[in-house]
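Survey of secondary and tertiary structure
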Protein chains: 2
Amino acid sequence: MLTKPQLKALKDCVAADDLLVDTADCWAYGYDNSRQQACPDAVVFARGAEQLQAVVQFCNHYRVPLIPRGLGTGTTGATVPAEGGLVVSYERMNRIISIVPDDRLVIVEPGVTNQALQTAVAEHGFFWPPDPTSAAYSTIGGNLAYNSAGPRAVKYGTPRENTLGLQAITGAGESIQTGVRTTKGVVGYDLTRLLIGSEGTLALFTQATLKLTPLSEGRRTLRAVYADMSSAAHAVAAIMAQPVIPRSLEFIDGMAIEMIRAYSEASLPEAAGAMLMIEVDGARDCLETAAQTLRRVAATAGCLEVTVARNEAEVKALWATRKALSPALRNVAPKKINEDIVVPVSRMPELIRGLRELSERYGVTIVNFGHAGNGNIHVNMLVDPDDEQQMAAAGPCLDEVFALVLRLDGSLSGEHGIGLVKRDFIAREIAPATLALMRRIKRQFDPNGILNPGKLFPPA
Amino acid sequence: MLTKPQLKALKDCVAADDLLVDTADCWAYGYDNSRQQACPDAVVFARGAEQLQAVVQFCNHYRVPLIPRGLGTGTTGATVPAEGGLVVSYERMNRIISIVPDDRLVIVEPGVTNQALQTAVAEHGFFWPPDPTSAAYSTIGGNLAYNSAGPRAVKYGTPRENTLGLQAITGAGESIQTGVRTTKGVVGYDLTRLLIGSEGTLALFTQATLKLTPLSEGRRTLRAVYADMSSAAHAVAAIMAQPVIPRSLEFIDGMAIEMIRAYSEASLPEAAGAMLMIEVDGARDCLETAAQTLRRVAATAGCLEVTVARNEAEVKALWATRKALSPALRNVAPKKINEDIVVPVSRMPELIRGLRELSERYGVTIVNFGHAGNGNIHVNMLVDPDDEQQMAAAGPCLDEVFALVLRLDGSLSGEHGIGLVKRDFIAREIAPATLALMRRIKRQFDPNGILNPGKLFPPA
């Protein structure tokens with residue numbers, strides 16, 4: 001709760017139209033897709049650098065937590081004001097400031113949605129490669145905060161490879177500018193990448209200069225079906241070891257296929273135990289050759305069939321299937337635990353085998369799909385909240401999933417980040433000295449610890 | 001000079017074979033390609049993390065400067081022990097630890113040369129995109145320290161886009177591990193990119209995990225000749241605004257063409273005022289189409305001819321010409337000032353025009369060539385040391401070159417870094433608050449300031 005003097009001071013730096021203090025109004029800004037929720041003491045609609053600087057100064061003065069928020073599509077509770085404080089919503093700071101085709105860049109405010117950006121730059125023949133499943137609703141600021149990339153990262157990289165520079169207000173209230181307007185540059189430390197993936201714990205973004213990529217002339221979409229998950233995982237490694245880099249390489253396991261069967265009319269071979277969706281793009285003349293190369297390479301042992309989508313309708317149907325999986329799973333299991341672990345591609349067969357063993361041992365259904373080309377698998381534990389045994393097993397099972405991932409030289413998160421829900425696991429991946437160094441770096445940006453407290457790091 | 005107790009302590013942590021203390025021996029480790037030189041008090045040959053940790057502890061205990069050094073190909077004096085101290089040479093820490101084709105990665109010690117790495121991974125069908133002109137002699141550690149990329153960056157990125165993780169010893173003597181073994185990952189802050197480009201001021205690298213790219217099936221090399229530099233600069237912008245991304249896009253100005261004429265037998269049209277070397281790679285079937293597209297796009301106003309190299313001999317001759325430029329210039333003008341500024345591609349015509357004006361105004365010959373696709377131009381000021389007037393003009397002219405670059409939204413360095421020779425200019429590009437933040441970050445890695453003191457930052 002803000003005190004009266006605090007409220008007065010806040011009103012001095014934020015226009016009445018850009019401030020919510022009524023609990024009923026604030027409540028809607030206290031959740032994300034993690035199903036965590038907490039009510040902020042106030043909500044400020046970000047409008048620009050000057051206003052945000054004043055808000056940060058206010059928060060420092062009164063030691064009020066400040067939580068930046070895009071549109072709440074995160075899955076880790078990173079934007080949930082667990083310790084109260086001010087949520088800064090970027091929904092009104094969503095302008096595309098300028099598109100510079102000759103320099104292949106666009107300058108945006110952080111609140112613009114990924115989709116709005118893509119639509120605007122497509123008119124100039126470009127796209128911005130990061131494309132999380134949430135693209136229609138998630139903001140660029142959020143994409144940057146978690147380095148969220150989606151399927152195209154396998155060919156085009158993550159936000160870290162597609163951002164040239166940032167403007168931001170640090171937790172100390174200083175306005176900083178990072179990076180360059182060029183694709184090379186080595187003057188001073190790389191603060192751009194340091195801020196990307198920092199989950200709102202270092203600074204508030206006020207502007208981002210994004211690197212654009214020309215739209216390719218066309219693409220081909222292939223569906224490869226395998227007898228079992230292990231065969232599909234081996235095929236992924238084979239595809240990634242040759243020069244035709246797919247634009248996306250998505251993996252769907254046997255459990256997910258059963259769901260697709262139940263929820264759509266996609267026709268799949270009876271014996272299908274896993275499938276890959278492979279998409280390749282490039283110059284029109286080269287697509288057929290590239291598609292045939294991938295068709296050949298994908299046909300490893302255990303492959304039942306590889307088909308190339310014949311028309312746009314088939315392509316759309318394939319992607320609809322893939323994109324429907326996450327919400328469909330949520331309908332089946334509202335308490336599903338959705339992780340986005342990542343392992344080296346060569347370890348995927350071991351990962352998949354290990355996950356199956358854990359599923360059997362703990363009696364918890366685990367459905368796996370995701371960005372196989374990066375080894376980035378969305379592991380969904382479907383837990384029935386009415387089943388006490390399952391609920392009790394979920395924690396230990398998740399613990400072992402993470403242990404398995406780390407044993408395979410993997411990482412706890414490919415693109416969702418740590419936030420609130422995984423902060424107690426981060427020390428399993430990052431050694432004490434490195435973690436302590438990160439905490440010290442945080443203090444240089446945010447000496448009073450007002451920015452997104454309790455996120456990313458475990459309580460000291 | 002090390003005192004006797006210091007020398008004794010140093011000998012306790014470094015094997016006799018790995019230590020030089022004789023001035024005559026040390027002298028050879030006190031220079032780089034900037035023509036700066038200073039004699040280190042001792043040279044230690046790095047052997048591994050444990051030894052380096054002991055050396056860092058020694059340096060902290062006695063407050064002795066520690067300067068990491070690859071093979072001395074840097075151009076900014078960043079490895080010159082200007083304040084004395086210990087040079088740590090990586091020449092004996094040059095193993096390729098493992099190549100993992102299935103995961104498209106290689107793990108190396110920092111002292112391996114870029115060329116040795118390329119040779120080793122080529123056997124597995126891969127390359128590491130960064131390819132500075134110095135590749136035959138420069139080390140991976142050095143490439144990482146300055147984020148040096150060379151011509152292929154236009155398509156494949158710089159070390160920051162091609163490094164997965166690092167192991168290092170911080171200036172505080174702590175062993176840290178950064179990054180992941182995967183192409184996605186967002187757990188904690190991105191210390192990998194923070195260390196890349198930090199010029200040895202934060203930590204000593206002990207191991208690097210590099211992302212590999214499959215060798216493409218083939219390539220085509222084109223030479224486009226223009227009436228003047230401005231036409232060529234416009235062609236660069238046109239090429240970069242369409243989807244066929246060249247593997248390299250090199251720019252050579254009129255002055256450089258005259259040198260080529262004088263020093264090689266390359267036949268160029270009489271009226272040639274500038275040229276581009278354009279290289280495209282990809283699947284064999286697609287090369288011809290891609291080359292024809294680039295040929296068409298490159299033929300902007302002012303284009304005199306575009307030729308596609310007919311065979312490997314022609315390709316080699318073209319590259320030999322380009323790569324011979326830097327040493328040739330140095331023979332002509334031993335005191336040449338070689339900058340590697342970078343501007344947005346669309347500003348290149350203005351840059352080239354501005355440089356010509358400065359050249360005329362100050363009576364200093366300026367030769368420009370470099371990585372035009374990134375807007376990264378090597379600006380060579382040929383100063384005759386016996387010409388007093390020229391020597392007096394060089395400083396102010398350079399100053400105006402930097403002012404011009406910053407006015408065009410550019411950056412002082414694309415891939416050489418700041419080091420000693422540009423440290424007084426860094427504050428022209430980076431604002432006080434951001435620079436102060438970088439200094440504070442430095443202190444978290446290196447509280448006693450032993451790592452490469454006096455580099456990157458201007459004296460406080």
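Everything here concerns the structure above.
This write-up is about the structure you can find in this document. (Residues numbered from 1 in each chain as written. Chains lettered and ligands numbered in written order. Predicted model: local features only at pLDDT ≥ 70, side-chain atom pairs only at ≥ 80, totals over all residues. Heavy atoms only, no water.)

Now for the interface of chain B and chain A. Across the contact, 78 residues belong to chain B and 78 residues belong to chain A. In this assembly, chain B packs against chain A so that about 6,600 Å² is buried in total across both faces, 61% of it on carbon and sulfur atoms. One salt bridge in this structure joins R440(A) and E174(B), with 3.7 Å as the shortest N-O distance. Secondary-structure elements contributing two or more residues to the side of chain B that touches chain A are β9 (175-179), α7 (191-195), α8 (229-240), α10 (284-298), α14 (426-429) and α15 (432-445) of chain B. Looking at the side of chain B that touches chain A residue by residue, the classes come out as 35 nonpolar, 26 polar and 17 charged. (Contact = heavy atoms within 4.5 Å. Buried area = accessible area lost by both parts, 1.4 Å probe. Salt bridge = Lys/Arg side-chain N within 4 Å of Asp/Glu carboxyl O. Helix = DSSP H or I, 4+ residues; strand = E, 2+ residues; numbered from the N terminus. Nonpolar A, V, L, I, M, F, W, Y, C, P; charged D, E, K, R; others polar.)

Turning our eyes to something else, we now look at the packing of helix α9 (residues 254-263) of chain B against helix α11 (residues 312-332) of chain B. When two helices pack together, their arrangement is given by the angle between the helix axes and by the axis-to-axis distance. Residues and elements named next belong to chain B. Between α9 and α11, whose axes approach to 10 Å, the crossing angle comes to 90°. Judged by the inter-axis angle, α9 sits roughly perpendicular to α11. Counting all contacts with α9, which are made through A256, M259, I260 and Y263, the residues of α11 involved are T321, L325, A328, L329 and V332. Along the lines of polarity and charge, the residues of the contact of α9 with α11 split into eight nonpolar, one polar and no charged. (Axes fitted to C-alpha atoms, helices over the stretch in contact; angles between N-to-C directions. Parallel < 35°, antiparallel > 145°, perpendicular 65-115°, else oblique.)

Now for the state of the cysteines. On inspection of all chains with the given rule, the structure shows one disulfide over all chains. The disulfide partner of C286(A) is C286(B), and the S-S distance across this bridge is 2.3 Å. Remark: C286(B) occurs in helix α10 and C286(A) occurs in helix α10 (residues 284-298); the pair is interchain, linking two chains. Look at C286(B) and you get buried, because its relative accessible area is 12%. (Disulfide = S-S within 2.5 Å. Buried < 20%, exposed > 50% of the residue type's maximum accessible area, 1.4 Å probe, protein only.)

Now for the relation of the copies chain B and chain A. With an RMSD of 0.0 Å, the fit of chain B onto chain A corresponds to turning through 180° and sliding 0.0 Å along the axis. One copy is carried onto the other by what is essentially a two-fold rotation axis. The share of interface residues of chain B whose copies in chain A are also at the interface is 100%, consistent with both copies meeting through the same surface. (Least-squares fit on C-alpha atoms with pLDDT ≥ 70 in both.)

Our next topic: the pattern of salt bridges. Residue and element names in this part refer to chain A. According to the stated counting rule, one finds 51 salt bridges over all chains in the structure shown. With its nearest N and O atoms 3.0 Å apart, the salt bridge here joins R361 to E400. Taken as a pair, R361 in helix α12 (residues 348-362) and E400 in helix α13 (residues 388-407) lie far apart in primary sequence, 39 residues in all. Judged by its relative accessible area of 27%, E400 falls in the partly exposed class. We note a salt bridge from D446 to K442, for which the minimum N-O separation is 2.7 Å. Its relative accessible area of 12% is what places K442 among the buried residues.

Turning to α12(A), a few remarks are in order. Residues and elements named next belong to chain A. The end-to-end C-alpha separation of α12 is 21 Å, in line with the 21 Å expected for 15 residues at 1.5 Å each. For α12, the complete set of buried residues consists of M348, P349, L351, I352, G354, L355, L358 and S359. Each element contacted by the buried residues of α12 is listed here: α8 (229-240), β13 (248-253), β16 (337-342), β17 (365-371), β18 (376-382) and α13. G363 lies just past α12 and shows a positive phi near 65°. (Expected span 1.5 Å × (residues − 1).)

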